[in-house]
Amino acid sequence: MTPLSTAAATIALTVNGEPRSLPAGITIAGLLAAHELDPRLVVVERNGVIERDRAAFEAQLLDSGDTIEIVHFVGGG
Amino acid sequence: MSATELMPQLDTPLVIGGRTFASRLMVGTGKYASNAQMIAAIEASGAEVVTVAVRRVDLDRSKDEGVLHHLSPDRFFLLANTAGCYNVTDALRYARLGRAAGFNEWVKLEVIGDQQTLYPDTAGLIEATKILADEGFKVMAYTNDDLIAALRLEDAGAVCVMPLASPIGSGLGLLNPMAIRTIKHRLSVPVIVDAGVGTASDATLVMEQGVDGILMNTALAAAKDPIRMATAMRLGVDAGRLAYLAGRMERREVAVPSSPTTGMLT
C-alpha cells in the first residue's frame, strides 16, 4: 500500500444532500457528465453560491468538503 | 382559438411588468399523469405562461426528468416558483436558483406559512418581495385575499399580486368575490388570481370580478380529462373576461317582460 500515491486519490464531498466519493481532479463539468446532465438544463450551487458561468464548468475543480447542489426545473404550480 | 384571439378588438392585451402576455390564463406543470398529457393540456389551455418548480436533480435516476426536456422555453414563458418554501431565506435561494437557469428574471414568489392550508406568510412574502425587487426580479406574489397584504406587496415592488380564490389544490372555487374585487379596485398593478379554481364556471366567476387573469394547475391536472378541462378553462376565462368588460345588467328582484306588453290580442 502506498498512502502517498495519487493514483486512486478521491475527494469526499456532498452532492444533493448525499455523501459522495469522487476522483480527485474532477470538475463541475465532469460531475455533470458523470450523471449525463446537460449543463444548460441545470443550475449548480457550490457551498451556497450559484455557479453562474457555465463556460467555466470545465475548469472548475471540486474540492474535498464541498457541498454541491444540482437543481433543475420540474413540474409545479 | 379563443374568442379574444379571434377578435382582438374585444379586449386589451394583458401587460405585467412592461411585458405583454398572449393569454390571461396561466397554468402550472405539476401533477399530470404523463408529460404528454401535460403538454396536450397546456396547448389546449392556450396559456403562454407556465409555472415550474426548482428541485434537486435525482442523481440516482438514469435519465433526467426535468420539465425542460418536454417544454420548449422558446414556445412558453417559464415562470419559476418558490413553492415549498416556508421562510424568506429559502424563498430567496429558490428564486435566485430559478433565475440562474437563465430564461428570465421573473419569479412566482411563495412564502408558505402553514402546511395544512398552504396560506402565505404575508410578512415573509412582503420582506422577500422587497429584496427580490431590489435585485431586479419581476416578482409575482402569491398571497391571500387580504387587501392590506396586497397593498403592501404592491408597495414592496411586486409587478403583480396573486390572491387565492381558495386554498391551493382545493378546487373550492371563489370563496370571497368581494375581497378579490376590492383588491382589484385598489391596486394599480395587475391582479392574477392564483389557486383554488376547480372548474370552468369558477374561472368565469373569477374573471367576472374584473381581475386580469388566472393561474391554475390542479384543476387541469386532476380533471378526469385534462385536455377537455383545459379547453373549458380557456373558454371560461374568455367568457368571464368578456362578461366583465361587457358590464352585466342590474339585478332586479321583479320580473320584467322581454316581449312587448302592447299589441296583445283582445
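Please refer to the structure higher up on the page.
Description of the structure in this document. Residues take numbers from 1 onward in each chain, read along the sequence in its written order. Note on labels: chains are lettered from A, ligands numbered from 1, in written order. Where totals are concerned, whole chains, interfaces and linings use all residues; where local detail is concerned, this predicted model gives features only for residues with pLDDT of at least 70, and gives and counts side-chain atom pairs only at 80 or more.

Digging into the overall build of chain B
Helix and strand counts for chain B come out as nine helices and 10 strands. Here the C-alpha radius of gyration of chain B, 20 Å, is about what a compact globule of 266 residues would show, namely 18 Å. Neighbour density around each residue's C-beta defines its exposure: 20 or more other C-beta atoms within 10 Å make it buried, 12 or fewer make it exposed, and counts between make it partly exposed, where C-beta atoms are placed from the backbone. Here chain B holds 266 residues, and 48% of them are scored as buried. Numbering of helices and strands starts at the N terminus; helices are DSSP runs of H or I of at least 4 residues and strands are runs of E of at least 2. Based on C-alpha atoms, the radius of gyration is set beside the globule rule, defined as 2.2 Å times the residue count to the power 0.38.

Observations concerning the overall build of chain A
Broken down by element type, chain A carries one helix and five strands. The helix and strand sequence of chain A, counted from the amino end, reads β-β-α-β-β-β. C-alpha extents for chain A along the principal axes are approximately 55 × 25 × 20 Å. Classification of the 77 residues of chain A by burial places 21% in the buried group.

Describing the interface of chain B and chain A
A common way to express how large an interface is: the accessible area buried when the components associate. Working definition of a contact: two residues with C-beta atoms, positioned from the backbone, lying within 7 Å. Listed as interface residues are 29 residues of chain B and, on the opposing side, 19 residues of chain A. When contributions to the side of chain B that touches chain A are tallied by element, the ones reaching two or more residues are β4 (49–56), β5 (77–81) and α3 (88–100) of chain B. Here the side of chain B that touches chain A is built from residues that sort into 15 nonpolar, eight polar and six charged. Here a strand pair is declared whenever DSSP counts at least two bridges between the two strands. Bridge count between strand β5 (residues 67–75) of chain A and β4 of chain B: five bridges; the pairing is antiparallel. Within β4 of chain B, the residue paired with Val 74 of chain A across the bridge is Ala 53 of chain B. Gly counts as polar in this scheme, as do all residues outside two lists: the nonpolar Ala, Val, Leu, Ile, Met, Phe, Trp, Tyr, Cys and Pro, and the charged Asp, Glu, Lys and Arg.

Topic: the packing of helix α4 (residues 122–134) of chain B against helix α5 (residues 147–156) of chain B
Residues and elements named next belong to chain B. Interaxial angle, 0 to 180 degrees, is taken between N-to-C directions of lines fitted to C-alpha atoms, where a helix line uses only the stretch in contact. It is at 8 Å that the axes of α4 and α5 come closest, and there the two elements cross at 15°. With respect to α5, the axis of α4 lies roughly parallel. In this structure, α4 crosses over α5, and the sense of that crossing is right-handed. In this structure, α4 contributes Thr 122, Leu 125, Ile 126, Thr 129, Lys 130 and Ala 133 to the contact, and α5 contributes Ala 149, Arg 152, Leu 153 and Ala 156. In the contact of α4 with α5, the residues fall into six nonpolar, two polar and two charged. Reported orientations rely on four angle classes, namely roughly parallel under 35 degrees, roughly antiparallel over 145, roughly perpendicular from 65 to 115, and oblique for the rest. Note on convention: the crossing is left-handed when the near helix lies turned anticlockwise from the far helix by less than a right angle, right-handed when the turn is clockwise.

A closer look at the environment of Leu 68 of chain B
Here Leu 68 of chain B shows up in the loop between β4 and β5. Of the residues examined, Leu 68 of chain B has 19 C-beta atoms within 10 Å and is grouped as partly exposed. In the structure, Leu 68 of chain B is positioned 10 residues away from Leu 78 of chain B in sequence and 9.5 Å away in space, judged by C-alpha atoms. Setting aside chain neighbours within four positions, we find Leu 68 of chain B in contact with Leu 41 and Phe 73 of chain A together with Pro 73 of chain B.

Looking at α3 of chain B
Residues and elements named next belong to chain B. In this analysis, the expected span of each helix is defined as 1.5 Å times one less than the number of residues it contains. In this model α3 runs 18 Å from its N-terminal to its C-terminal C-alpha over 13 residues, within 8% of the 18 Å that 1.5 Å per residue would give. By the burial criterion, the buried members of α3 are Val 88, Ala 91, Leu 92, Tyr 94, Ala 95, Arg 96, Leu 97, Gly 98 and Arg 99. With its phi angle positive at about 95°, Gly 102 sits one or two positions after the end of α3.

Let's talk about the environment of Asn 81 of chain B
The residue Asn 81 of chain B is located in strand β5 in this model. A residue is classified by how many C-beta atoms lie within 10 Å of it, and Asn 81 of chain B, with 28 of them, is buried. Spatially, the C-alpha atoms of Asn 81 of chain B and Met 38 of chain B are 18 Å apart, while their sequence positions differ by 43 residues. Residues in contact with Asn 81 of chain B, not counting those within four places in the same chain, are Gly 76 of chain A together with Thr 51, Ala 53, Lys 108 and Glu 110 of chain B.

As for the nonpolar core
All names here are of chain B. Think of a nonpolar core as buried Ala, Val, Leu, Ile, Met, Phe, Trp, Tyr and Cys residues, each tied to the set through C-beta atoms within 7 Å. If you look at the biggest cluster of nonpolar residues, it comprises 92 residues, and the most contacted ones within it are Leu 109, Met 140, Ala 141, Val 161, Ile 192, Ile 214 and Met 233. Of the residues forming this core, the biggest block, six residues, is contributed by α3. In this structure Leu 109 touches Thr 82, Ala 91, Ala 95, Leu 125, Ala 128, Thr 129, Leu 132, Val 139, Met 140, Ala 141 and Tyr 142, once residues within four positions along its chain are discounted.

Topic: the pairing of strand β1 (residues 10–15) of chain A
Residue and element names in this part refer to chain A. Examined bridge by bridge, β1 and strand β2 (residues 18–23) share six bridges and lie antiparallel to one another. From the neighbouring strand, Ala 12 faces β2, where its bridge partner is Ser 21. Here β1 hands over to β2 after two residues, with Asn 16 in that stretch at a positive phi of 50°. Pairing between β1 and β5: two bridges, direction parallel.

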